[in-house]
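Inside the fold
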Amino acid sequence: MNDAGIQLRATSAPAAVMPPSLWAATAPPGPRLERLTGSRRVEVAVIGAGYTGLSTALHLATAGIECAVIDRHEPGWGASGRNGGQVLPGLRLQRAELRGIFGTEVGDRTYETVETAADFLFALVEGHGIDCDLIRGGSIRLAHTARAMALLRESHATLIAEGVASRLLDAAAVAREVGTRVYVGGRLDPRSGTLHPLKYARGLAQAVLRAGAALYRDSPATALRRGGERWRVTTADGELLASRVVIATNGYTDGLWPGLAQTMLPLNSFQIATAPLTEAQRATILPGGACFSDTRRLILYAQRTRDHRLVLGGRASFTLADRAADYEVLRRVLTGLVPELRDTPIEYRWVGRVALTRDYLPHLHAPAPGLLIAAGFNGKGVAMTSLMGKILADHIRAPGEPPAYPVTDIKPYPFHALRQPVLHLAMYCQTLMDRLGR
Ligand SMILES: Cc1cc2nc3c(=O)[nH]c(=O)nc-3n(C[C@H](O)[C@H](O)[C@H](O)COP(=O)(O)OP(=O)(O)OC[C@H]3O[C@@H](n4cnc5c(N)ncnc54)[C@H](O)[C@@H]3O)c2cc1C
């Protein structure tokens, strides 16, 4: 039984299916869950137990709304258990671009909402006592060209005007704060932080259970149909009958809802983790606890973990294969950035799927009565998915009010079926442009 006196869905857990990674090796086990069997009625069914689905369920259950979350595998199995752990406010687009898409009023409102995402996550973790190595060390955006630095200066001026204590770094300051000499300069945003992604996902799952929601593993939704007032979510061994449904499957979206998978390009992002750094390396590589990402088209990003490893991600591949060559490229990039790491062993290698959208925005869809979908976090979703869960829950509780994030139609990419060859070509062009410093 949980605190609310509700029977938890807990029996013997099957063998873990979590793909190997630094995070999987260092997180405590998640809650013991069972698969969904038989038929169960709930107010809200949530499909996908990443941060989006878990945060939605947590906010619903905390408000006393009965809900159940199902995952094809287990909580945190997707990007939420494998990412770079950078807690960043905002979206890839800035205020002016959001105004261009949604108009001034909605654009401004959306911008102001999403800029609170990192603060929201910090408060959520504290409020639920989630142990996930969260620290607020700031994030540094590194400029790989003078032109990129000029853009960082502009965004710095905007942040300062908005009251954020943003800081510009010249090349010498980057060398001091990051430990690399290959960048022109950078901009530090003190609102950001880092966490252990899988500890956070599993901590959220525990909080969901404590709040009284049900959570099932190994329960892929195989069909979704509406009959009368209720939705029927069919799984391999059971079904959920619910008044409302939330789809939260992001980069692992399948054919459950027509056209949804075609609104996103699933992109592999690779990560490597070094052995723990020596004392001397700790003094020079991210000594202040910041994380970083750079301005290349094929973005590089890194954090230093609590056990002092450097985790570097990047080298995106549009094939969904997991190839040794991708990790080798990343290792060479790492020693190019920080030659002192030439002899430091790489102890973990893993990959996860980012969901890119055409407009670089996460999408909130409401394609049928009682159905909400949030997807397309464009590789910047640790904080935003957490906030999106609250936005979804608030909208379910007060459907008469417009949600705090704009609802848009499902618009598949044209020629989505041809994405592999076209994207390969696009990626080679982008690599070339990065190498040429464009
Ligand atoms: C390698 C990598 C590095 C990243 N680094 C960062 C970072 O440093 N900072 C940042 O802000 N963002 C980062 N991101 C992005 C961030 O991780 C994601 O935006 C976020 O985790 C998405 O969460 P989600 O809950 O929407 O989806 P996911 O966590 O992907 O969860 C989707 C879940 O849906 C389940 N599912 C799919 N289909 C079904 C079905 N039919 N039935 C039941 N369940 C189903 C899957 O099993 C999965 O568990 C990174 C992503 C990757 C891949």
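A few points on the structure. (Residues numbered from 1 in each chain as written. Predicted model: local features only at pLDDT ≥ 70, side-chain atom pairs only at ≥ 80, totals over all residues. Heavy atoms only, no water.)

**Points about the side chain of Glu 74**
Threshold: Put simply, DSSP marks the helices as runs of H or I at least four residues long and the strands as runs of E at least two long, and each gets a number from the N terminus on. Any pair of N or O atoms that falls within 3.5 Å is considered a polar contact. Within protein, one atom must be able to donate a hydrogen and the other to accept it, and sequence-neighbouring residues count only if both atoms are side-chain atoms.
If you trace the backbone, Glu 74 turns up in the loop between strand E2 (67-70) and strand E3 (86-87). In terms of polar contacts, Glu 74 uses its side chain to reach the backbone amide nitrogen of Met 18, at 3.5 Å.

**Here we look at the site of the ligand**
Stated precisely, the cut-off is as follows: Each residue is tested against the molecule or strand, and it is near if at least one of its non-hydrogen atoms lies within 4 Å. Here, Shrake-Rupley sampling with a 1.4 Å probe gives the accessible areas, and only protein chains in the shown set may cover a residue. By the convention adopted, Pro, Cys, Tyr, Trp, Phe, Met, Ile, Leu, Val and Ala count as nonpolar, Lys, Arg, Asp and Glu as charged, and the other residues, Gly among them, as polar.
Inspection of the region around the ligand gives 37 residues, with Thr 52, Asp 71, Ser 80, Gln 86 and Ala 221 positioned closest. Note that an oxygen atom of the ligand is positioned 3.4 Å from one of the backbone N or O atoms of Gly 85. Between the ligand and Ala 221, the relevant distance is 2.9 Å, taken from a nitrogen atom to a main-chain nitrogen or oxygen of the residue. Relative to its unbound accessible area of 1000 Å², the ligand is 99% covered by the protein chains. Elements supplying a minimum of two residues to the shell around the ligand: helix H2 (51-62), strand E12 (265-274), strand E16 (346-356) and helix H11 (382-397). Its residues assigned to classes, the shell around the ligand comprises 12 nonpolar, 19 polar and 6 charged.

**Comments concerning the pattern of salt bridges**
Put simply, the rule reads: What makes a salt bridge here is a side-chain nitrogen of Lys or Arg within 4 Å of a carboxyl oxygen of Asp or Glu, nothing more. Each residue gets one of three labels from its accessible area relative to the maximum for its type: buried under 20%, exposed over 50%, partly exposed in between, using a 1.4 Å probe on protein chains only.
By the definition in use, this model includes 25 salt bridges. Here Arg 167 and Glu 177 are joined by a salt bridge, their closest N and O atoms 3.3 Å apart. Of this pair, Arg 167 sits in strand E5 (residues 167-170) while Glu 177 is found in helix H7 (residues 171-177), placing the two residues 10 residues apart along the sequence. For Arg 167, a relative accessible area of 38% gives the class partly exposed. Note that Asp 218 and Arg 217 form a salt bridge whose closest N and O atoms lie 2.9 Å from each other. Judged on exposure class, the residue Asp 218 and its partner Arg 217 are both buried.

**What about helix H10 (residues 324-337)?**
This is how the line gets drawn: Helix span, as expected, comes to 1.5 Å for every residue beyond the first.
For H10, with 14 residues, the first-to-last C-alpha span of 20 Å sits near the 20 Å given by 1.5 Å per residue. Among all positions of H10, only Asp 326, Tyr 327, Leu 330, Leu 334, Thr 335 and Leu 337 are buried.

**A word on the nonpolar core**
The line we're drawing: Buried residues of nine kinds, namely Ala, Val, Leu, Ile, Met, Phe, Trp, Tyr and Cys, make up a nonpolar core once their side-chain atoms join them within 4.5 Å.
Membership of the largest hydrophobic core comes to 63 residues, with the highest contact counts inside it found for Tyr 200, Leu 215, Met 384 and Tyr 405. At 9 residues, the largest contribution of residues to this core is made by H11. Counting residues in each nonpolar core, the second largest holds 27 residues, with Leu 188, Ile 272, Leu 330 and Leu 334 among its members.

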